[in-house]
Amino acid sequence: MMKLERRSFIAGLSACGFAGCRTPWWFGEAPRLKFGVCSDLHLSTAYRGAQFFERALWWWKREGVDAIVIAGDIADCGDVDSCRMATNAITRVFGGNWPKMMVILGNHDKLGDVGVRRDVLRNVFRMGDETDEKAFFTKVKGYSFVGRSWPRDTSFSMAAFLESHAAALKGPKPFVFVQHPHPTGTCHGPYVWGQESETAGMEQAADFLKVYPNAVAFSGHSHYPLTDERSIWQGAF
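Quick caveat: nothing in here was measured; it's all calculated off a predicted structure. (Residues numbered from 1 in each chain as written. Predicted model: local features only at pLDDT ≥ 70, side-chain atom pairs only at ≥ 80, totals over all residues. Heavy atoms only, no water.)

Peer 1: Let's hear about the overall build of the protein: which residues, and what values?
Peer 2: Along the backbone of the protein there are 7 helices and 7 strands. Secondary structure elements of the protein, listed N to C terminal, follow the sequence α-β-α-β-α-β-α-β-β-α-α-β-α-β. Looking at the protein as a whole, 51% of its 237 residues qualify as buried. Once local pairs closer than 6 in sequence are excluded, the contacts in the protein between residues at least 24 apart make up 73%. For the protein, the accessible surface area stands at approximately 11,200 Å², while carbon and sulfur atoms represent 53% of it. (Helix = DSSP H or I, 4+ residues; strand = E, 2+ residues; numbered from the N terminus. Buried < 20%, exposed > 50% of the residue type's maximum accessible area, 1.4 Å probe, protein only. Contact = heavy atoms within 4.5 Å. Areas by Shrake-Rupley, 256 points an atom, 1.4 Å probe, with all protein chains shown as cover.)

Peer 1: Account for the pairing of strand 1 (residues 35-38), with residues named and values stated.
Peer 2: Alignment of strand 1 against strand 2 (residues 67-71), held across 4 bridges, turns out to be parallel. Looking at strand 2, one finds that Gly36 is bridged to Ile68. Regarding the hand of the β-α-β motif, the stretch spanning strand 1, helix 2 (residues 51-63) and strand 2 is right-handed. (Pairing = 2+ DSSP bridges. Right-handed = clockwise from strand over helix to strand, strands pointing away.)

Peer 1: Please set out the side chain of Glu196 residue by residue, giving values where relevant.
Peer 2: Mapped onto the elements, Glu196 comes out in the loop between strand 6 (175-178) and helix 7 (205-208). A distance of 3.4 Å separates the side chain of Glu196 from the side chain of Arg148, its partner in a polar contact. (Polar contact = N/O pair within 3.5 Å; in protein donor to acceptor, adjacent residues only side chain to side chain.)

Peer 1: Any details on helix 2? Residues and values, ideally.
Peer 2: Turn by turn, an α-helix covers 3.6 residues, leaving residues three or four places apart pointing in a common direction. Here helix 2 is 13 residues long and its end C-alpha atoms lie 19 Å apart, about the 18 Å a rise of 1.5 Å per residue gives. Inspection of helix 2 places Phe53, Glu54, Leu57, Trp60 and Glu63 among the buried residues, and these make up the whole buried set. Residue Gly64 follows helix 2 closely and has a positive phi angle near 75°. (Expected span 1.5 Å × (residues − 1).)

Peer 1: Hey, could you go over the sheet that holds strand 5 (residues 143-148) for me, with residue numbers and the actual values?
Peer 2: Spatially, 4 strands are ordered 4-5-6-7 in an open sheet, and the strand pairing comes out mixed. If you trace the sheet from one side to the other, it starts and ends with strand 4 (135-140) and strand 7 (215-218), each paired once. When the angles between neighbouring strand axes are averaged without regard to direction, this sheet yields 20°. (Axes fitted to C-alpha atoms, helices over the stretch in contact; angles between N-to-C directions.)

Peer 1: Which residues make up the sheet that holds strand 2, and what values go with them?
Peer 2: Pairing is parallel in the open sheet, where 3 strands are placed in the order 1-2-3. Two strands bound the open sheet, and with one partner strand each, they are strand 1 and strand 3 (100-104). Looking at each pair of strands side by side, their axes are set apart by 10° on average, direction ignored. Across the sheet, helix 2 is in contact with strand 1 and strand 2; its angle to strand 1 comes to roughly 165°.

Peer 1: Which residues make up the environment of Trp59, and what values go with them?
Peer 2: Tracing the backbone through its elements, the reader meets Trp59 in helix 2. Separated by 23 residues in the primary sequence, Trp59 and Gly36 have C-alpha atoms spaced 9.3 Å apart.

Peer 1: So, the pattern of salt bridges: which residues are in play, and what are the values?
Peer 2: Oppositely charged side chains can form a pair if their charged atoms are brought close together. According to the stated counting rule, one finds 9 salt bridges in the structure shown. The closest approach of N and O atoms between Lys141 and Asp66, which form a salt bridge, is 3.7 Å. You can see Lys141 sitting in the loop between strand 4 and strand 5 and its partner Asp66 sitting in the loop between helix 2 and strand 2, a full 75 residues away along the chain. Given the relative accessible area of 25%, Asp66 is considered partly exposed. (Salt bridge = Lys/Arg side-chain N within 4 Å of Asp/Glu carboxyl O.)

Peer 1: Now, about helix 3 (residues 80-94): what can you tell me, with residues and values included?
Peer 2: In a regular helix each residue adds 1.5 Å, so 15 residues correspond to 21 Å; helix 3 covers 21 Å between its end C-alpha atoms and thus fits that length. Those residues of helix 3 lying buried are Val80, Ser82, Cys83, Met85, Ala86, Thr87, Ala89, Ile90, Val93 and Phe94. Phi turns positive, to about 65°, at Gly95, one or two residues after helix 3.

Right, dumping it as structure tokens:
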């Protein structure tokens, strides 16, 4: 059995995500974990439907994903009805047997009040009653997933949240970290629009993830295409 570390994990994701292959040949075995990632759906009951999201869902279903990650900005104006456009699409594709959903909130999703935001995560996306609108930690098939939503409460420390789960996160086994803006100075270089450094009071993932070289981070916000090779950055994490 191959020892799975961060770089081989990323290579497998790249092959399956961009080329559409089912089993990377260098693994010599079926993938241990499959999950789909997207962001910036900007759904709206007024003008923007979920047809492109639904196309992605059908592809993920054919691939047999275990989970789906949405890295923020589900709805254009943060309302529940627009978010339900996404979950209605999930139900059309997967029926009642949803993959594990892991959703964080972007700046557009933060336009609603706290009650709306919690309802979206806990009930609309079925993430459970213990889900907080600030961050989540969960596991899928033995792999850890951590997500941070767009900050409103600057007293919340994501670094401390990660440290509270250090026993599960530290070590060679890769884990997934998700937030909406790009960690500063990573994918697309230091000058791309939409980095976390542009958000007042936002604790910098580019700093606190340095102690987790096994972290595989996903982000969105800039709307830059994943087909651009600069979307993949490999540095301290």
